[in-house]
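Secondary and tertiary structure notes
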Amino acid sequence: MANTLNDCKVSASERLMDYEEHYGAHNYHPLPVVLSKGKGVFVWDVEGKRYFDFLSSYSAVNQGHCHPRIVKVLKEQADELCLTSRAFYSEALCEYEKFMHEYFGYDRILPMNTGAEGVETALKLARRWGAVKKGIPNDKIKIICCGGNFHGRTVTVITMSDDPSSYAQYGPLTPGFVRVPYNNIEALREALDQYGDEVCAFIAEPIQGEAGVFVPDDGYLKRCFDLCHEHNVLFIADEVQTGIARTGRMLCSEHDGIRPDIVVLGKALGGGVLPVSACLADDEIMLNIQPGEHGSTFGGFPLAARVAMEALKVVKDEHLVENAERMGRLFREEISKINSPFIKQVRGRGLLNAIVTEPVAGKTAWDICIRMMEKGLLAKPTHDHIIRFAPPLVINEEQLREAIGIIRETFEEMTA
């Protein structure tokens with residue numbers, strides 16, 4: 001490799017990006033910025049330049065980078081006990097399980113680590129319920145999913161995807177899924193009418209994040225929920241990205257006034273410092289899985305349990321639900337005032353928002369994100385033409401208005 005630490009013509013960022021080019025798998029296409037520090041709504045690169053973080057690690061940093069309370073709990077627990085496996089009881093896990101019951105109101109929690117593991121767990125819970133409670137033959141069990149979804153990267157989960165970049169050339173894929181268009185209640189009705197006796201669950205994201213912050217029609221989730229219950233089918237809400245205050249509610253499902261049968265949480269559950277995920281459900285669903293039938297060495301490990309509890313306490317203590325609702329409304333109002341041929345639509349809920357763009361003079365959403373990066377704000381395109389904006393929920397109005405100014409200047413300069 002040509003670039004070295006002593007090569008005065010090469011910046012620290014270029015040197016480090018060169019390391020990843022040569023030694024890392026090429027499964028991401030990041031913006032050309034190398035981050036080394038974070039605090040609150042800001043991150044800094046290795047040269048010391050400060051940026052607004054408007055991606056929040058795909059909503060995993062709702063509480064802000066390196067929140068002092070969360071970091072303090074992490075350090076304190078690390079000095080006491082980090083990992084036990086589930087071969088033994090853990091003081092931290094037992095307290096975490098009770099805490100989650102009281103916080104969200106479900107009978108039980110099944111702790112996991114990543115969002116994809118949480119989704120896999122929800123699928124297994126639903127299939128087991130379908131076999132044990134609904135009496136569906138094991139080789140006939142089906143789950144209905146939505147077009148445009150993104151639930152993770154495992155082989156079973158990518159089977160639900162209709163995006164070739166997720167599933168192509170990873171076959172054979174997992175059977176047992178029926179896909180219907182998102183935000184189309186009649187399509188779900190037809191699928192349930194056709195397959196209902198063999199369907200154990202319907203899984204959906206309350207807002208499809210990776211699809212470009214696709215917000216369904218008001219009442220769509222409620223109609224899906226009611227239809228599922230008419231057919232004795234579980235409703236699974238994948239709240240990995242939309243949960244924990246991101247959309248101006250603790251759970252995005254609350255916008256439609258429903259209580260899903262299974263809720264999958266992740267990302268912000270780890271407070272921006274650890275991968276932590278969980279499935280929430282009541283006894284009738286959760287207790288169909290017995291010892292030895294599902295698990296995780298790290299699921300609910302002491303560090304994760306302490307961090308997750310503190311992360312959720314911060315959300316309530318700092319009124320992040322209310323702040324996300326208020327700041328999100330302000331963001332959409334101000335961004336909608338920008339007059340630019342690039343902007344086709346502004347959409348979102350709370351602080352999960354997006355600008356749908358169209359190319360102008362050969363310039364795309366990627367070019368817009370590069371220009372914003374140069375001005376000190378980090379956001380990333382999805383599906384080439386949609387820019388997602390999701391800052392940490394601790395952002396205040398002064399910071400938000402400064403960030404909006406950067407976005408406005410970027411669009412104005414690119415159309416000049």
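Below is a summary of the structure that appears in this document. (Residues numbered from 1 in each chain as written. Predicted model: local features only at pLDDT ≥ 70, side-chain atom pairs only at ≥ 80, totals over all residues. Heavy atoms only, no water.)

1. Things to note about helix α4 (residues 91-104)
What counts is decided by this rule: For helices the rule is a DSSP run of H or I covering at least 4 residues; for strands it is a run of E covering at least 2, with both sets numbered from the N terminus onward. By this rule, a helix spans an expected 1.5 Å times one less than how many residues it contains. For the exposure calls, accessible area comes from a 1.4 Å probe over protein chains only, and a residue counts as buried if that area is under 20% of its type's maximum, exposed if over 50%, partly exposed in between. What the arc measures is the spread of directions leading from the helix axis to the C-beta atoms. In what follows, a contact means two residues having at least one pair of non-hydrogen atoms within 4.5 Å.
Its 14 residues place the ends of α4 20 Å apart at the C-alpha level, agreeing with the 20 Å of an ideal helix rising 1.5 Å per residue. Those residues of α4 that sit buried are Ala92, Leu93, Tyr96, Phe99, Met100, Tyr103 and Phe104. Considered in projection along α4, the buried side chains sweep an arc of 120° and stay on one side of the axis. Structural note: α4 exposes Glu91, Lys98 and Glu102 on the side pointing more than 90 degrees away from its buried face. Packing partners of the buried residues in α4 comprise β4 (108-112), β9 (262-265), β10 (277-281) and α11 (302-317). Immediately downstream of α4, the backbone of Gly105 shows phi near 85°, a positive value.

2. So, the side chain of Thr247
In this structure, Thr247 sits in the loop between β8 (234-238) and β9. Thr247 sits in the buried class, given a relative accessible area of 0%. Contact partners of Thr247, with chain neighbours within four places excluded, come to Ile207, Thr242, Cys252, His255, Glu325, Arg349, Gly350 and Leu352.

3. Quick look at the pairing of β10
Filter applied, for reference: Only strands joined by at least two bridges in the DSSP assignment are considered to pair.
Counting buried residues in β10 gives 5 out of 5 residues, a clear majority hidden from the surface. Of the two faces of β10, the one holding Ser277, Cys279 and Ala281 and the one holding Ala278 and Leu280 are both buried throughout. Here β4 runs beside β10; their pairing, made up of 5 bridges, is antiparallel. Each residue of the ladder has a partner; that of Pro111, found in β10, is Ala278. Direction of pairing for β9 relative to β10: antiparallel, over a ladder of 4 bridges. What sits directly across from Ile262, in β10, is Ala281.

4. As for the sheet that holds strand β2 (residues 42-45)
Where we set the bar: Each axis is a line fitted through C-alpha atoms, and for a helix only the stretch in contact is used; angles between axes span 0 to 180 degrees, taken between their N-to-C directions.
Within the open sheet, the 4 strands sit side by side as β1-β2-β3-β13. Their pairing is mixed. Sheet topology places β1 (35-39) and β13 (377-378) at the edges, where each strand pairs with a single neighbour. As judged from the 2 bridges shared by strand β3 (residues 50-53) and β13, these two strands associate in the parallel manner. The partner of Phe52 across the bridge, within β13, is Leu377. Against the sheet, helix α14 (residues 397-414) engages β2, β3 and β13, with an angle of about 100° to β3.

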